[in-house]
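Chain residues, written in single-letter form:
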Amino acid sequence: MEAALVEMVASEPRERLLVFVGEMVRPLAHVRQRENALLYVRGLVEQGGRKSLQPTLFRLGESSACYESVQQFLADSPWDPELLVRACAERVVPEIGVLAWVVDDTGIAKDGVYSPGVKRQWSGTLGKVDNCQVTVSVHAVGARGTLPLGWRLYLPEEWCADELRRARAKIPATVAFETKPALARGLVERAANWQTPLAPILADQAYGDDTDLRTRLDELELEYVLAVGVQTSVYPPGTTFAVPERNATTGRPRTVARADRNPESVRALAERLPARAWKTLPCRTTPAGEDVEGRFAFVRVVAAHPVRRDYRPPREEWLIIEWPRDVGAPTDYWLSNLPANTPRERLARLARLRWTVELDYRQLKGELGLDHYEGRSYLGFHHHCALVTCAHAFLTLERLDPKAQRPD
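Topic: the overall build of the chain
Logical step 1: Regarding its fold elements, the chain presents 16 helices and 14 strands.
Logical step 2: Burial status across the chain gives 51% buried among its 408 residues.
Logical step 3: Contacts in the chain between residues at least 24 apart in sequence constitute 65% of all its contacts with a sequence separation of at least 6.
Logical step 4: Taken as a whole, the chain presents about 19300 Å² of accessible surface, with 49% of it coming from carbon and sulfur.

Some remarks on the pairing of strand β11 (residues 279-285)
Logical step 1: Bridge count for β11 against strand β12 (residues 291-303) is 6 bridges, and the pairing is antiparallel. Opposite Leu 281, over in β12, you have Gly 294 as the bridge partner.
Logical step 2: The loop that links β11 with its antiparallel partner β12 comprises 5 residues; one of these, Gly 289, has a positive phi angle of about 90°.

A few points about the nonpolar core
Logical step 1: Among the nonpolar cores identified, the biggest contains 103 residues, and Phe 20, Leu 84, Trp 101, Leu 149 and Leu 387 are the most heavily contacted of them.
Logical step 2: At 12 residues, helix α16 (residues 378-400) tops the list of elements feeding residues into this core.
Logical step 3: Once residues within four sequence positions are removed from consideration, Leu 84 is found in contact with Met 24, Val 25, Trp 79, Ala 386, Leu 387 and Cys 390.
Logical step 4: Ranked by size, the runner-up nonpolar core spans 16 residues in total, among them Val 228, Trp 278, Val 301 and Leu 319.

Considerations on the packing of aromatic side chains
Logical step 1: Enumeration according to the criterion identifies 7 aromatic pairs in this entry.
Logical step 2: Ring geometry for Phe 73 and Trp 79: centres 5.0 Å apart, planes at 10°, overall stacked.
Logical step 3: Classification of Trp 79 by relative accessible area gives buried; the value is 4%.
Logical step 4: Ring centres of Trp 278 and Trp 323 lie 5.6 Å apart, and the angle between their planes is 85°; this geometry places the pair in the edge-to-face category. With a gap of 45 residues between them, Trp 278 in the loop between α12 (266-271) and β11 and Trp 323 in the loop between β13 (316-322) and β14 (332-336) connect regions that are remote in the sequence.
Logical step 5: The rings of Phe 296, Phe 298 and Trp 334 are connected pair by pair, giving a single aromatic cluster.

With respect to the side chain of His 139
Logical step 1: Relative to the helices and strands, His 139 is located in strand β3 (residues 128-142).
Logical step 2: A distance of 2.7 Å separates a polar atom in the side chain of His 139 from a polar atom in the side chain of Asp 360.

Notes on the environment of His 382
Logical step 1: Considering the arrangement of structural elements, one finds His 382 in helix α16.
Logical step 2: The exposure class assigned to His 382 is buried, which follows from its relative accessible area of 8%.
Logical step 3: With 230 residues separating them in the primary sequence, His 382 and Arg 152 have C-alpha atoms 7.2 Å apart.
Logical step 4: Within the structure, His 382 has its side chain in polar contact with the backbone nitrogen of Leu 153 (distance 3.0 Å).

Section: the packing of helix α9 (residues 180-191) against helix α11 (residues 211-219)
Logical step 1: Running from N to C, α9 and α11 cross one another at 15°; their axes reach a closest spacing of 9 Å. The orientation of α9 relative to α11 falls into the category roughly parallel. Handedness of the α9/α11 crossing: right-handed. Contacts from Pro 181, Arg 185, Val 188 and Glu 189 of α9 reach α11 at Asp 212, Leu 213, Arg 216 and Leu 217.
Logical step 2: Partitioning the contact of α9 with α11 into residue classes produces 4 nonpolar, no polar and 4 charged.

A short note on the layout of surface pockets
Summary: where empty space remains is shown by rolling a probe the size of a single water molecule over the atoms.
Logical step 1: Roughly 620 Å³ of internal volume is contained in the largest pocket.
Logical step 2: Val 141, Gly 142, Ala 143, Leu 353 and Thr 356 are the residues nearest the centre of the largest pocket, which is lined by 25 residues in total.
Logical step 3: Looking at the lining of the largest pocket, the elements with two or more residues in it are β1 (98-109), β3, β4 (145-153), β11, α14 (344-351), α15 (356-366) and α16.

Procedures and definitions
- Residues numbered from 1 in each chain as written.
- Predicted model: local features only at pLDDT ≥ 70, side-chain atom pairs only at ≥ 80, totals over all residues.
- Heavy atoms only, no water.
- Helix = DSSP H or I, 4+ residues; strand = E, 2+ residues; numbered from the N terminus.
- Buried < 20%, exposed > 50% of the residue type's maximum accessible area, 1.4 Å probe, protein only.
- Contact = heavy atoms within 4.5 Å.
- Areas by Shrake-Rupley, 256 points an atom, 1.4 Å probe, with all protein chains shown as cover.
- Pairing = 2+ DSSP bridges.
- Core = buried A, V, L, I, M, F, W, Y, C linked by side-chain atoms within 4.5 Å.
- Phe/Tyr/Trp six-rings, centres within 6.5 Å; stacked < 30°, edge-to-face > 60°.
- Polar contact = N/O pair within 3.5 Å; in protein donor to acceptor, adjacent residues only side chain to side chain.
- Axes fitted to C-alpha atoms, helices over the stretch in contact; angles between N-to-C directions.
- Parallel < 35°, antiparallel > 145°, perpendicular 65-115°, else oblique.
- Left-handed = near helix turned anticlockwise from the far one by under 90°.
- Nonpolar A, V, L, I, M, F, W, Y, C, P; charged D, E, K, R; others polar.
- 1 Å grid on protein atoms, 1.4 Å probe; cavity = no way out; pocket = protein on both sides within 12 Å on 5 of 7 lines; lining within 4 Å.
- Points joined across faces, edges and corners; volume = space filled by probe spheres on them.

These figures come from the coordinates and say nothing about function on their own.
Given below as structure tokens:
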């Protein structure tokens, strides 16, 4: 089958799909795994209706024996889903004109109690507390398209501590509880080592408020523009830091630099900025090509928490504030480690670019069945996400240029 795929001259969408998936699944170790991956992605792309396994294979006209094979491949076969996601990323991300990497999470409504990670928890997707799974993901966002770069299912602490539920869901012993920002950090670190263009990391307040995430991204020399809450404390411009002299002649020398003033909340800083600090700039371009403007201020600050907790030299970064003229208080705040000479318009556009991931989730769920996996396997969930990513990657290339996938 694989030799036939390589030799095929793609002239129709289905043939182009076969060629593309055949290329992406090469890292999988066994022929049967590659065959099942191709069949599954075909079902995701070609067939309408619900994308769960049994109805999809039925619409494709496959036998019950085929169902058993694909089910085992999906739920139990020990192939690494990262291999497939990485292959798709290295093939497609360079084509989309990457502007940023967006970190986010999405809720998947679930009944019952045995699907891995399911519980009554808050889901921004559902807009309420409900029975659901939550998966963290990272997406490359470009001028010409998007692509997921990784997926990790969030496992609440009670799931990680319940050996019976872990066994039923086939959760590996190596998987321990991690917060959503920690899961995001791991996904970004892995993708940063691939042969794909790097870009600033964007995320909402749930991630930006995590000091460990911001510190780790900076240590990896990865740029970010992360939303933070109004309670975030910063040292304002003009603050100086110095290591105090030792009070006694004995004991260890002091090493922690202290500020010459107390930190203040980002809201307090925003409210005392002079009128000249506020600029009206384009921050978003609509699908029709029209620029949307916002009123922003940009201030160089030092975030308070890393100074106090990590015992590291103060790290200056951008505080970006948006305050529309017709509201009584600033609406949004971001911290960014982009260079001091970064154009203000670029900072504003990056701050407002994160919303594009919602369009990604809409396609991944509405067209490709991201939320249709009905199995109860932890590995199966991640296999499904990787195969959905492969289908998404193919459709992204189709939208860019169908001819681009044809072999020479």
